[in-house]
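Below, each chain spelled out in residue letters.
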Amino acid sequence: MDFDTILASFGDFGPYQRKLFVFNAAFLVTVPFIVFAQVFISDDVDFVCLAEIQNGSSTKATSFRATRIAETKGGCGILENSITGNWSTIYSSTDHLFGQADNSTSSYSTDIEGQICAKWGYDPSQHQSTTVTEWNLVCDRKWLRELAQSAVYAGMTVGSGIFGTIWDRYGRLRSISSALLIQSIFCFLSAASPHLAMFIFCQFIVGCTYPGVLVASFTYVIEWTGPSKRAIIGNMLALMFPAGHMIFAVLSYFLRHWRLLQIVVGIPQLALLFVFLFRLIPESPRWLLSLGNVNEADIIIREAVRTNQKTLPSSYFTYTRLSSHGPNKVKTYKQETSSKSTTRTTKSYNFTDLFKTPKLRQTTLIILCNWFSVVLPYFGLSMFSTSLAGNRYVNFFLSGFAEVIAIFLSSFTINRWGRPRPIAVFCLIGGVFCFLSPFPKNGFQYLSIAFALIAKVGAAAAFWSGFVYVAELYPTVVGNSGFSLCILASRISTIIMPFMRLLSDVWQPLPYVIMGSMTASSGTLVLLAPETKNLCGIVLRSRIF
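Residues numbered from 1 in each chain as written. Predicted model: local features only at pLDDT ≥ 70, side-chain atom pairs only at ≥ 80, totals over all residues. Heavy atoms only, no water.

Visitor: Where do I start with the overall build of the protein in this structure?
Guide: For the protein, the helix and strand inventory stands at 23 helices and four strands. Counting every position in the protein, which comprises 545 residues, the buried fraction comes to 52%. Partitioning the intrachain contacts of the protein with sequence separation of at least 6 by distance along the chain shows that 77% fall at a separation of at least 24. (Helix = DSSP H or I, 4+ residues; strand = E, 2+ residues; numbered from the N terminus. Buried < 20%, exposed > 50% of the residue type's maximum accessible area, 1.4 Å probe, protein only. Contact = heavy atoms within 4.5 Å.)

Visitor: It is not clear to me how the nonpolar core should be interpreted in this structure. Could you clarify?
Guide: As a rule of thumb, soluble globular proteins bury nonpolar side chains together. In terms of nonpolar packing, the biggest core is built from 136 residues, with F10, F27, F36, F248, F276, I301 and F379 touching the most fellow members. By residue number, the principal contributor to this core is helix α20 (residues 445-473), which donates 13 residues. Among all residues touching F276, those that are not within four sequence positions of it are F27, L173, I176, S177, L180 and I281. (Core = buried A, V, L, I, M, F, W, Y, C linked by side-chain atoms within 4.5 Å.)

Visitor: When you look at helix α5 (residues 142-169) in this model, what are you seeing that I'm missing?
Guide: Since there are 3.6 residues in each turn of an α-helix, residues three or four apart along the chain are aligned in direction. With 28 residues, α5 should cover 40 Å at 1.5 Å per step; its first-to-last C-alpha distance of 42 Å lies within 8% of that length. The largest bend along α5 reaches roughly 35° and is located at G159. (Expected span 1.5 Å × (residues − 1). Bend = angle between axes of the 7 residues up to and from the residue.)

Visitor: Just checking my understanding: could you explain the side chain of N24 for this structure?
Guide: The residue N24 is located in helix α2 (residues 15-29) in this model. Given the relative accessible area of 0%, N24 is considered buried. When neighbours within four sequence positions are excluded, N24 is seen to be in contact with I176, S217, Y220, V221 and I281.

Visitor: Whenever I open this one, the environment of W135 confuses me. Can you help?
Guide: Among the secondary structure elements, W135 is positioned in helix α4 (residues 131-135). Spatially, the C-alpha atoms of W135 and R145 are 9.5 Å apart, while their sequence positions differ by ten residues.

Visitor: I would appreciate a short explanation of the environment of I233 in the present structure.
Guide: Relative to the helices and strands, I233 is located in helix α9 (residues 230-238). Under the relative-accessibility criterion, I233 is labelled buried at 4%. Note: C-alpha distance between I233 and F218 (15 residues apart in sequence) is 9.7 Å. The residues touching I233, leaving out its near neighbours within four places in the chain, are F13, F21, V221 and T225.

Visitor: Looking at this structure, how should I read helix α17 (residues 358-383)?
Guide: In this model, α17 (26 residues) spans 38 Å end to end at C-alpha, consistent with the 38 Å of a helix rising 1.5 Å per residue. Extensive coverage of α17 is indicated by the burial of 19 of its 26 residues.

Visitor: Please explain the state of the cysteines as it appears in this structure.
Guide: Two cysteines joined by a covalent bond between their sulfur atoms form a disulfide. In total, this model carries zero disulfides according to the counting rule given. The thiol sulfur of C369 is not disulfide-bonded, and the nearest other cysteine sulfur, from C427, lies at 9.4 Å. A relative accessible area of 30% means that C369 is categorised as partly exposed. (Disulfide = S-S within 2.5 Å.)

Visitor: For this particular structure, what's the right way to read empty space enclosed by the protein?
Guide: The gaps of empty space that remain are located by a probe, the size of a water molecule, rolled over the atoms. As enumerated under the stated definition, the model contains six cavities of 30 Å³ or more in all. Taken together, L381, S385, L388, N395, S399, I449, A452, L453 and K456 form the lining of the largest cavity. For the lining of the largest cavity, the secondary structure elements donating two or more residues are α18 (392-417) and α20. Residue composition of the lining of the largest cavity, by class: five nonpolar, three polar and one charged. (1 Å grid on protein atoms, 1.4 Å probe; cavity = no way out; pocket = protein on both sides within 12 Å on 5 of 7 lines; lining within 4 Å. Points joined across faces, edges and corners; volume = space filled by probe spheres on them. Nonpolar A, V, L, I, M, F, W, Y, C, P; charged D, E, K, R; others polar.)

Visitor: Even after reading the chapter, I still don't get the environment of W120, so can you show me in this structure?
Guide: Relative to the helices and strands, W120 is located in strand β4 (residues 120-122). A sequence separation of 16 residues divides W120 from N136, and the C-alpha atoms of the two residues are 7.4 Å apart.

Visitor: Quick question: what am I supposed to make of the packing of helix α8 (residues 210-223) against α9 here?
Guide: When two helices pack together, their arrangement is given by the angle between the helix axes and the distance between those axes. One can describe the packing of α8 onto α9 by two numbers: an axis separation of 10 Å at closest approach and a directional angle of 155°. For the element pair α8 / α9, the angle class is roughly antiparallel. As for how α8 packs across α9, the hand of that crossing is right-handed. Between α8 and α9, the contacting residues are F218, V221 and I222 on the first element and R230, I233, G234, L237 and A238 on the second. (Axes fitted to C-alpha atoms, helices over the stretch in contact; angles between N-to-C directions. Parallel < 35°, antiparallel > 145°, perpendicular 65-115°, else oblique. Left-handed = near helix turned anticlockwise from the far one by under 90°.)

Visitor: What exactly am I supposed to notice about the packing of aromatic side chains here?
Guide: Describing an aromatic ring pair means giving the distance of the ring centres and the angle of the ring planes. For the structure on display, the rule yields 31 aromatic pairs. Between F36 and F396 the ring centres are 5.7 Å apart and the planes differ by 80°, which places this aromatic pair in the edge-to-face class. With F36 in helix α3 (residues 31-41) and F396 in helix α18, this pair connects stretches of sequence that are 360 residues apart. Using a relative accessible area of 0% as the deciding quantity, one classes F396 as buried. Relative to F248, the ring of F40 has its centre 6.1 Å away and its plane inclined at 50°; by these criteria the two rings are tilted. With a gap of 208 residues between them, F40 in helix α3 and F248 in helix α10 (residues 240-254) connect regions that are remote in the sequence. (Phe/Tyr/Trp six-rings, centres within 6.5 Å; stacked < 30°, edge-to-face > 60°.)

Visitor: Is there a simple way to explain the packing of α3 against α10 in this structure?
Guide: At a closest axis distance of 9 Å, the pairing of α3 and α10 adopts a crossing angle of 40°. Our classification of the angle between α3 and α10 gives oblique. In this structure, the crossing between α3 and α10 has a hand that is right-handed. Across the interface between the two elements, V31, P32, F33, V35, F36, A37 and F40 of α3 pack against F241, G244, H245, I247, F248, L251 and S252 of α10. When grouped by side-chain class, the residues that make up the contact of α3 with α10 number eleven nonpolar, three polar and no charged.

Visitor: Hey, could you run me through a nonpolar patch on the surface in this one?
Guide: On the surface, a cluster of nonpolar side chains totalling about 710 Å² of accessible area is made up of V250, Y253, F254, V394, F397, L398, F401 and I405. Those elements that provide at least two residues to the nonpolar patch are α10 and α18. A per-element tally of the nonpolar patch places α18 first, with five residues. Locating I405 in the fold gives a position in helix α18. We classify I405 as partly exposed; its relative accessible area is 41%. (Patch = residues over 30% accessible without salt bridge, like charges linked within 9 Å, V, L, I, M, F, W, Y side chains within 5 Å. Areas by Shrake-Rupley, 256 points an atom, 1.4 Å probe, with all protein chains shown as cover. Salt bridge = Lys/Arg side-chain N within 4 Å of Asp/Glu carboxyl O.)

Structure, rendered in structure tokens:
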């Protein structure tokens, strides 16, 4: 018996499903804490080079501006006559209170120009502590900060395969609960890390748990939701991501020490484990029925029917009565379903079939290019928002709010004007404004913020529209392969994206120029892909095969 038929009998989204939605929404709100934790944990901090110089017969601790110079092979050296005196107190990673900045304008007779910095001081007004100040991730060690962020995204890629197996084989709840537990443990271990290598490893493991919460929670709620409510519930679940994004901005504002912030990131996951400890939500009956576990599914379904004050059809009782005679009856039912699918499909398909015909190959390459490109500004503009003019916490919060606008905009446009054209427009808007965002200077810095936020709206709208488009684009036999390949393209993009920030040392606008150009170009290519709105499978297959 099909679960959608059972679901229709007790309501597409009644009180019972609303309770499950609330718990899973709480799980999803914590996901951005993991994705964006290092925006503030490893945030840029203004720094100076600390040195002791001779002034006549006395030696004074003095701070100097540091700059990247060729002679130091990528390191930072001291500029001549660059004594600073702007900070009342200079903090060093080795001496928590290094000393007072020299506010004098005296001329020092010493040859310091080009000297490689060996000790650093950091501006305490921005953060009490970050991984940058903890392990001196500046100058020739700057790439290690990007490696730590990239490790999170690499973990997300590996975790997709691991937790994909868990939620299919062992159920949705085991996937979510195990991911939350591992996430919490390794967040705490990250906060306690005495060495950078341990921190990066812990961040990789934390990244691995991301799909176990995000995909399993999303799938769980949709499996409990009837066809008439899936679109709106899907959008409401999507809104949990920017909600968590904005909440994390507020948390980061009040918690300026990276270890404390990392601990707080792990606490919600630990608290949410009580949902499973007290069995507040059941396993997905759709998944149980797919395994033939009708008796356990029956208990859950009857509870949902009582809560929603509905009744089950008589055919349901016939089905459960047959299953009560033993596992062979269930097996017969599963075999019957399997034999029906076998008569429809006699060949197994995989991702190589996405490239077999010219039209299908062209469509696949266009979609992969689009997913790879759009993800760069989608995540990158949030990560780089702290380097824009103005308050870094406000910028990051607004970046999350921009995504709320994007989700509503995406839902409105693709339901009225199709799929490829809105995605192309969103990509062009995101790409052009991303390209322009770093250029306003000299009193127009807030125009730069406005451009970046418009770019975020465009990129996020294209990103969320892409999920709907890919789900419709490919025939069922290659649908999973097509979607998995798109996810892989986006994961590769996110792994690369943190290192793009290093290109700003070559030319400050370069990361934005690359992200904007790629996104706008991929948007124009999407116009060559077929429309899927209101097309049946036979017509669509004729267009791409």
